[in-house]
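# Analysis of the macromolecular model
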Amino acid sequence: MIRTVLVTGARGKTGREVAARLRRFGILVHAGSSQPARTSDTRTDPVRFDWHDRATWREAAAAVDAIYLMRPDYPTAPELVADLVEVNPDAHVVLLSEQGAETLSPDHWARRVEDAVVTRAASWTLLRPSWFHQVLTDSRFYRDAIRDDRVLSLPSGGAPIAWVDARDIADVAVAALRAPEDHHGRAHTITGPDPVPVANVARELSARLGHRIRAEDPSPRETLDGLDPWMAGILDDLYHRVRHGGFSQLSPAVKQITGHEPISIGEFINAHLDQWRRSPTSAP
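This section reports on the structure supplied with the text.

## Thoughts on the nonpolar core
- Membership of the largest hydrophobic core comes to 54 residues, with the highest contact counts inside it found for Trp 131, Leu 136 and Trp 163.
- Aside from chain neighbours lying at most four places away, what touches Leu 136 is Tyr 142, Arg 143, Ile 146, Leu 152, Val 201, Ile 265, Phe 268 and Trp 276.
- Ranked by size, the runner-up nonpolar core spans 30 residues in total, among them Phe 49, Trp 51, Val 113 and Ala 116.

Now the structure itself:
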């Protein structure tokens, strides 16, 4: 029986959703973060977990029954993940990977992270989601450009993306964490209900916000200019796969595993309009 779960990236898009759901099921959450937040919730144990500080790993992971493992975006991620799993190889590991990872070459960074889990954990599940809805409301990605510049710019080549909500990913993750015996050795591709091109997302935003959001389709080179070489390489590969339909295939996993339909991009936009509205003081 799963009683305790380490959630890495507990303050992230999926981590906070996974933690909240686990608590509702009465599971004790080790909320792992490099800056753990205090909480009055008795089902949450904030723990310091820092990929750059291995001294934090044992306290966070050694005594748990399962681990929700949000893949770290570092060049050394395969080695880091392998070493973390070896802290508690008997824990059921649910790894957040990416759609299409199974099509990548064995030496690809994302495949090597998956292999680090599969070859070391006694019990494991891989989650392979498409692009998150939440990148549209994240200031590190597209929110500010949509709100301030009224543009959604992504080098997709016009190919559709099977956008998925972080809450649906969390529902699938929690199902796998609560019932490892049903999900051990399985890889779940997780998508929304429809493949939607970037231009259509911009039209949805325009219709609901009442002003035009312009869709742009720059070349990957324009988007990657100025990034460090490793991250530029990761994103160049990602954009290549987007442009060639690698994130357009639909999966029934959300409905099959959770019993509910996945949240559509239209539903997400309707619920988050305030994220893209300028405040009166910032209007031109």
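## Focus on the pattern of salt bridges
- Per the counting criterion, the structure on display carries 23 salt bridges.
- One salt bridge in this structure joins Asp 53 and Arg 48, with 2.9 Å as the shortest N-O distance.
- Residue Asp 53 is classed as partly exposed on the basis of its relative accessible area of 24%.
- Taking the relative accessible area as the measure of exposure, Arg 48 reaches 40% and is therefore partly exposed.

## Quick notes on the sheet that holds strand 6 (residues 123–129)
- The seven strands are arranged 3-2-1-4-5-6-8 in an open sheet whose pairing can be described as parallel. The outermost strands of the open sheet, each flanked by one partner alone, are strand 3 (44–48) and strand 8 (186–190). For this sheet, the mean angle separating the axes of adjacent strands, direction not counted, is 20°.
- As defined by bridge partners, strand 5 (residues 92–96) adjoins strand 6 across five bridges and the pair is classed as parallel. In the sheet register, His 92 faces strand 6, and the bridge partner there is Ser 123.

## Here we look at the packing of helix 3 (residues 77–87) against helix 4 (residues 109–118)
- The interhelical angle for the contact between helix 3 and helix 4, taken along N-to-C directions, is 10°, at an axis separation of 8 Å. One way to sum up the angle between helix 3 and helix 4 is to call them roughly parallel. Residues Ala 77, Pro 78, Glu 79, Val 81, Ala 82 and Val 85 of helix 3 lie in contact with helix 4, whose contacting residues are Trp 109, Arg 112, Val 113, Ala 116 and Val 117.
- Classifying every residue of the contact of helix 3 with helix 4 gives nine nonpolar, no polar and two charged.

What counts as what
Residues numbered from 1 in each chain as written. Predicted model: local features only at pLDDT ≥ 70, side-chain atom pairs only at ≥ 80, totals over all residues. Heavy atoms only, no water. Core = buried A, V, L, I, M, F, W, Y, C linked by side-chain atoms within 4.5 Å. Buried < 20%, exposed > 50% of the residue type's maximum accessible area, 1.4 Å probe, protein only. Contact = heavy atoms within 4.5 Å. Salt bridge = Lys/Arg side-chain N within 4 Å of Asp/Glu carboxyl O. Pairing = 2+ DSSP bridges. Helix = DSSP H or I, 4+ residues; strand = E, 2+ residues; numbered from the N terminus. Axes fitted to C-alpha atoms, helices over the stretch in contact; angles between N-to-C directions. Parallel < 35°, antiparallel > 145°, perpendicular 65-115°, else oblique. Nonpolar A, V, L, I, M, F, W, Y, C, P; charged D, E, K, R; others polar.

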